[in-house]
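Single-letter residue listing:
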Amino acid sequence: MEAALAACALPSLRILKTKPRFRCSFSNPRLPISPNSLIIGKPSRFTTAVSSPTSSAAIPTDSPPESETRFESGSDKFDWYANWYPVMPICDLDKKVPHGKKVMGIDLVVWWDRNDKQWKVMDDTCPHRLAPLSDGRIDQWGRLQCVYHGWCFNGSGDCKLIPQAPPDGPPVHTFKQACVAVYPSTVQHEIIWFWPNSDPKYKNIIETNKPPYIPELEDPSFTKLMGNRDIPYGYDVLVENLMDPAHVPYAHYGLMRIPKPKEKIDREGGKPLEINVKKLDSKGFFSKQEWGYSNFIAPCVYRSSTDPLPEQEHEYPAPAASDKAALSKRRLSLIFICIPVSPGRSRLIWTFPRNFGVFIDKIVPRWVFHIGQNTILDSDLHLLHVEERKILERGPKNWQKACFIPTKSDANVVTFRRWFNKYSEAQVDWRGKFDPSLLPPTPPREQLFDRYWSHVENCSSCKKAHKYLNALEVILQIASVAMIGVMAVMKQATTSNVARIAVLVAAVLSFAASKWLSHFIYKTFHYHDYNHALV
């Protein structure tokens with residue numbers, strides 16, 4: 001998934017090494033594990049190993065060997081509420097209106113406080129009658145107004161107006177019960193982040209704890225267009241899929257160009273992958289792949305890049321002089337920010353910073369890149385939606401027993417699942433807001449693959465393109481009708497046959513163009529099914 005989405009950012013990019021898909025079955029945890037370790041460098045607190053069956057005859061097919069990660073005793077549990085969470089790229093937020101978003105099961109309203117000249121993140125609940133503030137407006141004084149009864153709030157969450165309160169009565173708007181909870185927030189990498197605890201003691205948490213820093217997103221020599229989409233499957237499935245390069249030639253076949261192996265074993269061109277995990281702790285892990293380096297910065301950021309993060313450069317051998325020269329010319333990162341929304345729901349923010357082909361992003365509008373990137377997300381969407389339900393049936397803690405993972409190509413996925421199991425007991429801490437054993441019902445396919453509400457409505461570029469292309473469709477239809485009217489008038493006048501034929505052809509072309517555009521708008525901005533059997 002990671003390189004597949006990046007390929008749409010630069011069509012000719014070739015960065016992936018791939019392998020065939022693995023099969024899943026129930027495994028026997030008591031089978032011996034091969035010493036073929038994936039860990040490189042100094043010994044750490046754990047070792048990830050993948051078993052290698054010697055032959056199909058040596059190991060029964062109903063008892064396949066199992067990948068296993070060995071930990072030393074003692075571990076730090078991951079605190080889901082002591083971390084920064086991304087909400088949205090600010091390029092997709094309109095300063096004129098409030099925006100409702102859900103993160104970690106918390107309903108948020110994000111709005112621009114023009115008095116403080118800052119984005120604010122607050123509880124999306126009016127204290128009066130619990131109406132959503134995100135359905136409100138920003139009034140002429142720059143306050144957030146609840147449109148149910150007109151209560152108004154400033155950027156500190158203080159109630160500034162209760163229209164129903166008598167002016168000569170007690171100042172009820174100053175009561176604590178009239179205030180709205182405000183979450184600490186900041187803008188970093190052109191993304192708004194919030195701290196999921198509104199306790200006043202965290203008001204200045206940014207001074208001691210900052211969101212993950214990704215150096216290339218602050219480098220002016222890199223281009224870094226962003227996209228976002230709401231995803232109809234959960235956080236853990238989203239993260240593991242983005243870490244898995246081996247599925248790209250299969251789940252996304254025909255959607256991108258990838259290097260062909262010297263010896264193809266099938267149509268798609270899968271091949272073995274070498275992925276070595278370096279370190280795992282409660283903060284995440286990092287690994288070395290054939291084309292670069294990967295980092296999982298818990299809980300949200302997955303970065304895959306031609307360069308390691310500065311603090312990890314000492315963990316890897318220095319590249320050869322020729323490699324250094326190549327890296328200095330062409331550098332690429334794939335940044336995926338995975339946001340837990342609720343059980344069975346997540347949000348993805350992506351950006352692919354690079355220091356080459358920068359002019360392309362200045363010429364081509366952002367929505368054009370999103371066409372291919374959304375198609376890639378659609379192509380394995382149903383697979384992952386169903387997979388999540390099967391994982392839940394077997395129990396998320398039993399993931400590694402339920403799946404047969406015999407090759408190194410799944411090292412990142414195995415390590416993420418080990419992190420998820422060890423530090424978070426294989427579930428997001430929803431703090432009792434949801435039953436993690438229940439997922440939303442599967443909607444009809446057209447709703448499952450919906451692009452408009454999951455992306456277009458939340459993307460300023462695609463939303464504008466959708467509006468203008470719809471207007472163009474109407475203009476073409478009106479033009480075709482108008483030209484038919486001109487034809488009728490021309491019959492009464494002495495007009496040459498050539499002129500009449502030209503008008504007729506123009507009318508037909510305008511009508512045909514409007515129909516084609518209607519189909520394009522529907523497939524691009526609303527619903528585009530994907531049938532693997534027909535690819």
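First, a word on what this report is: a plain description of the structure on this page. If you're wondering where the values come from, they're calculated on a predicted model, not measured in any experiment.

**As for helix α6 (residues 366-379)**
- Under the 1.5 Å per step criterion, the end-to-end length of α6 is 21 Å for 14 residues, consistent within 8% with the ideal 20 Å.
- Extensive coverage of α6 is indicated by the burial of 12 of its 14 residues.
- When α6 is considered as a whole, its buried residues turn out to be Arg-366, Trp-367, Phe-369, His-370, Gly-372, Gln-373, Asn-374, Thr-375, Ile-376, Leu-377, Asp-378 and Ser-379.

**Digging into the pairing of strand β14 (residues 226-231)**
- Across the 6 residues that make up β14, a large majority, 5, are buried.
- Two elements, β14 and strand β20 (residues 345-351), share 6 bridges in a ladder whose sense is antiparallel. Bridging from a neighbouring strand, Asn-228 pairs with Ile-349 of β20.

**Remarks on the sheet that holds strand β18 (residues 301-305)**
- Read across the open sheet, the 7 strands follow the order β14-β20-β19-β18-β17-β16-β15; overall the sheet is antiparallel. Each edge of the sheet is formed by a strand with only one pairing partner; in this case those strands are β14 and β15 (276-281). Averaged over neighbouring strand pairs, the angle between their axes works out to 15 degrees when direction is ignored.
- Examined bridge by bridge, strand β17 (residues 293-297) and β18 share 5 bridges and lie antiparallel to one another. Its bridge partner being in β18, Asn-295 is matched across the sheet by Arg-303.

**Structural notes on helix α12 (residues 497-525)**
- Under the 1.5 Å per step criterion, the end-to-end length of α12 is 41 Å for 29 residues, consistent within 8% with the ideal 42 Å.
- Every buried residue of α12 is listed here: Val-503, Ala-507, Ser-510, Ser-514, Leu-517, Ile-521, Thr-524 and Phe-525.

**Overview of the packing of helix α2 (residues 235-242) against helix α7 (residues 381-394)**
- The geometry of α2 relative to α7 is characterised by a closest axis approach of 10 Å and an angle of 120 degrees between their N-to-C directions. It follows from the interaxial angle that α2 and α7 lie oblique. Crossing geometry of α2 relative to α7 is assigned as right-handed. Contacts between α2 and α7 involve Val-237, Glu-240 and Asn-241 from the former and Leu-384, Glu-387, Glu-388 and Ile-391 from the latter.
- Residues that form the contact of α2 with α7 fall into these classes: 3 nonpolar, 1 polar and 3 charged.

**Examining the environment of Asp-107**
- Examined against the element boundaries, Asp-107 turns out to sit in strand β5 (residues 106-113).
- Note on Asp-107: relative accessible area 37%, which makes it partly exposed.
- In this structure the C-alpha to C-alpha distance between Asp-107 and Asp-124, which are 17 residues apart in sequence, comes to 5.4 Å.
- With near-sequence residues (within four places) excluded, Asp-107 lies in contact with Lys-101, Lys-102, Met-122, Asp-123 and Asp-124.

**Section: the pattern of salt bridges**
- Tallied over the entire structure, the rule returns 20 salt bridges.
- Here Arg-354 and Asp-361 are joined by a salt bridge, their closest N and O atoms 3.1 Å apart. There is no split in this pair, since Arg-354 and Asp-361 are both buried.
- When salt bridges that share partners are traced, they join Arg-229, Asp-378 and Arg-451 into one network.

**Here's the deal with the side chain of Asn-412**
- Tracing the backbone shows Asn-412 in helix α9 (residues 411-424).
- Residues contacting Asn-412, with those up to four places away along its chain left out, are Met-243, Ile-275, Val-277, Phe-285, Ser-287, Gln-289, Ser-294 and Tyr-302.

Thresholds, definitions, all that
- Residues numbered from 1 in each chain as written.
- Predicted model: local features only at pLDDT ≥ 70, side-chain atom pairs only at ≥ 80, totals over all residues.
- Heavy atoms only, no water.
- Helix = DSSP H or I, 4+ residues; strand = E, 2+ residues; numbered from the N terminus.
- Expected span 1.5 Å × (residues − 1).
- Buried < 20%, exposed > 50% of the residue type's maximum accessible area, 1.4 Å probe, protein only.
- Pairing = 2+ DSSP bridges.
- Axes fitted to C-alpha atoms, helices over the stretch in contact; angles between N-to-C directions.
- Parallel < 35°, antiparallel > 145°, perpendicular 65-115°, else oblique.
- Left-handed = near helix turned anticlockwise from the far one by under 90°.
- Contact = heavy atoms within 4.5 Å.
- Nonpolar A, V, L, I, M, F, W, Y, C, P; charged D, E, K, R; others polar.
- Salt bridge = Lys/Arg side-chain N within 4 Å of Asp/Glu carboxyl O.

Honestly, it's all geometry; don't read function into it.
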